[in-house]
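Listed below are the residues making up each chain.
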Amino acid sequence: MKRKKKVLIIIGVLAAVAVGVMVFRPRDTGTAAFPVELSPLQKTTLRSTISTNGNVESTDSVNVYTNLTYPVKEILVEVGDHVNEGDVLCVLDSEDLQQQIKQQQISISTASANNQQQIETNQKRYDDAMETLNAGLNTDLNTAQQNVDDAKRRMDNAQKDLDDAKAKLDSNLNTELISAQSAYDTASTELGRAEKALKDRRNELGSYYTDLERDYREALKKYERAVKNDDDDVEELKADVLELKQSLAEAEDEADALYMSGTQTLSIEQLRRNVTDAQQAYDTAKQSLDAAKKAVNDQLGTYETEFTAAKDAYNNALKAQKATQAAVTHGLEDDLQAIETSKLSADDRAQREELKNMQDRLSKCTVTAPASGTITAVYATEGAAPNGVLFQIENTDALQVDVKIKEYDVNSLKPNMAAIIKADATGDEEYDGYLEKISPSAVRTPETAEAANTANTKDVEFDATVVVSSKETNLRIGMTARADIITEQKDNVFAVPYDAISTAADGSSVVYTVKAQEDGSMVAEAVPVTLGLETDYEVEISGTGLVEGMQIISDGKQIQPGMPVSTMPGAGVLPQDAAGSTAGEEVVADE
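Computed from a predicted structure; not experimentally measured.

Parameters and conventions
Residues numbered from 1 in each chain as written. Predicted model: local features only at pLDDT ≥ 70, side-chain atom pairs only at ≥ 80, totals over all residues. Heavy atoms only, no water. Helix = DSSP H or I, 4+ residues; strand = E, 2+ residues; numbered from the N terminus. Buried < 20%, exposed > 50% of the residue type's maximum accessible area, 1.4 Å probe, protein only. Contact = heavy atoms within 4.5 Å. Pairing = 2+ DSSP bridges. Patch = residues over 30% accessible without salt bridge, like charges linked within 9 Å, V, L, I, M, F, W, Y side chains within 5 Å. Areas by Shrake-Rupley, 256 points an atom, 1.4 Å probe, with all protein chains shown as cover. Salt bridge = Lys/Arg side-chain N within 4 Å of Asp/Glu carboxyl O. Lys, Arg positive; Asp, Glu negative; His and termini not counted. Charge placed at Lys NZ, Arg CZ, Asp CG, Glu CD.

**Student:** Quick rundown of the overall build of the protein chain? Include the residues and the values.
**Tutor:** Regarding its fold elements, the protein chain presents 11 helices and 23 strands. Within the span of the protein chain, comprising 591 residues, buried residues form 35% of the whole. Long-range contacts, defined here as pairs at least 24 residues apart, represent 78% of the contacts in the protein chain between residues at least 6 apart.

**Student:** Explain the sheet that holds strand β10 (residues 389-394) to me, and be specific about the residues and the numbers.
**Tutor:** With antiparallel pairing, four strands are arranged side by side in an open sheet as β4-β10-β9-β6. Of all the strands in the sheet, just β4 (61-65) and β6 (82-83) have a single pairing partner and so form its edges. Here strand β9 (residues 373-378) pairs with β10 via four bridges, running antiparallel. Note that in β10 the partner of V378 across the bridge is F391.

**Student:** Can you explain the side chain of T45? Please cite residues and give values.
**Tutor:** Along the polypeptide, T45 turns up in strand β3 (residues 43-58). Note on T45: relative accessible area 11%, which makes it buried.

**Student:** Any details on unusual backbone geometry? Residues and values, ideally.
**Tutor:** The phi torsion at N416 lies on the positive side, around 80 degrees, for a residue other than glycine. In this fold, N416 is placed in the loop between α9 (407-410) and β12 (418-423). The exposure class of N416 is exposed, given its relative accessible area of 62%. In this model, N492 sits at a positive phi of 60 degrees, which is unusual for a non-glycine residue. Take N492: it is sitting in strand β15 (residues 480-497).

**Student:** Talk me through the pairing of strand β19 (residues 530-534); I want residue IDs and the actual numbers.
**Tutor:** Relative to strand β20 (residues 538-542), β19 is paired through three bridges, and the arrangement is antiparallel. Bridge pairing links L531 to I541 in β20. Hairpin connection, β19 to β20: the antiparallel pair is bridged by three residues.

**Student:** Quick one: what's the story with the sheet that holds strand β16 (residues 502-503), residue by residue and with numbers?
**Tutor:** Across the sheet, which stays open at both edges, the five strands sit in the order β1-β22-β18-β17-β16 with mixed pairing between neighbours. If you trace the sheet from one side to the other, it starts and ends with β1 (34-36) and β16, each paired once. Direction of pairing for β16 relative to strand β17 (residues 509-516): antiparallel, over a ladder of two bridges. Of the residues in β17, the one forming a bridge with T503 is S509.

**Student:** Can you explain a negative patch on the surface? Please cite residues and give values.
**Tutor:** A contiguous patch of negative charge, built from D230, D231, D232, D233, E236, D240 and E243, is present on the exposed surface. Its place among the elements puts D230 in the loop between α5 (206-229) and α6 (234-260). We classify D230 as exposed; its relative accessible area is 64%.

**Student:** For the pattern of salt bridges, give the residues involved together with the corresponding values.
**Tutor:** In this structure the tally under the stated criterion is 12 salt bridges. Its salt-bridge partner being R349, residue D347 comes within 2.7 Å of it at the nearest N-O pair. Classification of D347 by relative accessible area gives partly exposed; the value is 30%. On the basis of relative accessibility, which here comes to 62%, the residue R349 falls in the exposed class. The shortest N-O distance in the salt bridge between D348 and R352 comes to 2.9 Å. A relative accessible area of 17% places D348 in the buried class.

See the structure below:
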C-alpha cells in the first residue's frame, strides 16, 4: 500500500507555520533563553517490525521433467510464454517405442490364440474322461471290479469247503476216523485186560516172588549205573543180574507148575505174551487213529490254506481296485491341473501390463504443462535426451519473498504476522503480505556447520517465507525485496522521538512543552508521560496532560522545568527524517 506522503507533509508544514506565527522571542530579561525546536503532537500508527531481505519467487512453481530417455524431437514453447494446464511443451522421439508396442501387441495376440487352443484340448480330455467314467465304461475300473468279483467268489467257495469239512468232522461222519477210533478203543481195552491178568497172576505168587522181582530190578539198576559210570564191578553186577533173572524165571516156572496142574489157567509166560500181543495191537490201532486224525487235519489244513489264499487274493483285488480308482481320480485331477496350468499360461496380464506401460510411456512422450503459468526456464534441448528438469512454470500472479531470519529474531515471529514488502526496483511502492512459515531448523551450510562447531552462532539463520497478498504489484520473479514483518502495531497513539523524552527528578518520564509568560517570554513546562511501544526512532507516550496538536520540544535532554526557551528559526516545522513523523503520517519503525 502506497502512503499519501505528499498530502501529509503539506498538512504538517501548515501546522508548523501557524505555530511559528504564534511564537515570539522573549524580551531581554537578563537571562538568555535556550533555543529549542518544537513539533506538534499528533496521533499516528506505530509499528514494531523485523526487517529482512530476500528474493521474489512464485508461490506456485512447477518443475516439468520426465523419466523417459528418448531424445527431444521438438520444443514448442520458450521463456515468457504463458501456458495453460495441458498445453504441449515438447515432444519426444517415440518411433522405437511405437515399434515395440506393435511387436508386443502381436506377441500377445499370438500367445492368446495358442493358449486358448491348449485350454480347449485339455478341457476336452477331461470331459471325455468324465463321460467315460460316468457311463461305467472305464476299462481299468471295470477290470479291477471283475477281479474283485472273481476273487470274492473263489474265497466264498473256499470258505464253504472249509466249513463243510469242519461240519462233517463235528458230526462224526468221517468213516475212516470212526473205524480207527473204534479199533483203538478195542485194542486199549484188550491191553488193559492182559496187563490186569498178568498183574493178578504175579500178585498170586506172594511176597517171595515180589521180593525176588524187586531184587532183580534193583540189581538191574545198579548194573546200568555201573555201565554208565564205567565202574570196576560191572561184571560182578552183571553176574548178579543174570543170577537174579534166572532165579525169577525159575520161580515163575515153579509157580506155573504149581498153579497150572489140573487147571485151565494160563502160564505167566503166556500171560506176558498176551500183554505183548495186546500192546502191539494197541500200538497199531493208535498209529491208525493218529494217521486218520492227521489225514483229517491235513484235509482241513488244505481247505484252510486254500481259504487263506483265496482271502488274500480277494484283499489284493480290493487293494488293486482302490489303486485303480485312485489312479483314475489322479488322472482326472491331472487333467484339471492341466486345464488350470494352461489357463495360467494363458494369463497374459503381465504382458498386457507391460503393453500398458509402453502405451503410458508413449503418452508421456508428449510433455504437457501440469499447471497454468508462465514459462520461466527452458532446459530441454532438441535432439538431446532429457536430463532432469525440462521446463519451469511459475504463477507470476502469486508471489512470495524467500527470506532468512536471524537467530535472535526467530522467537519474536509467528506465522500469519502482517508484513510490508518493498523492492528497490519498484521505488517507494509498498505491498501487503504476511509471514507464512519459518523453518524449524537453521540453514545448514559448511560455513554455519563450522561456526556451530566453534560455538560461533552469530551467522545462524532460518529460512522463512513471506507471501505477497496485494493482488496487483510491479514485483517480478527474481527481484530483491525487503520484507518488514510487523511484530506489534498500535493505531491512533501519540509518539515522539527518543530525544524528546527526559527524566524528572523523581525518575519518571516527561516531555516538555512551552508555556507563554505575561511578558511574552516562554518557559519549558514538564508533562508527565508513560512510555509504551518503542521503535527504532520513536516511542509511544500517554498521559492526562497530552493534547493533540500541543508543541513538544524535540530535544528535552538539556531542558529543566521553568527554563526560559526560545524557538529556533523555522521552529515548528521539523524535517521528516529527523522528527520521524509529521501530522497524519504513519510511522514505521524497524527492529
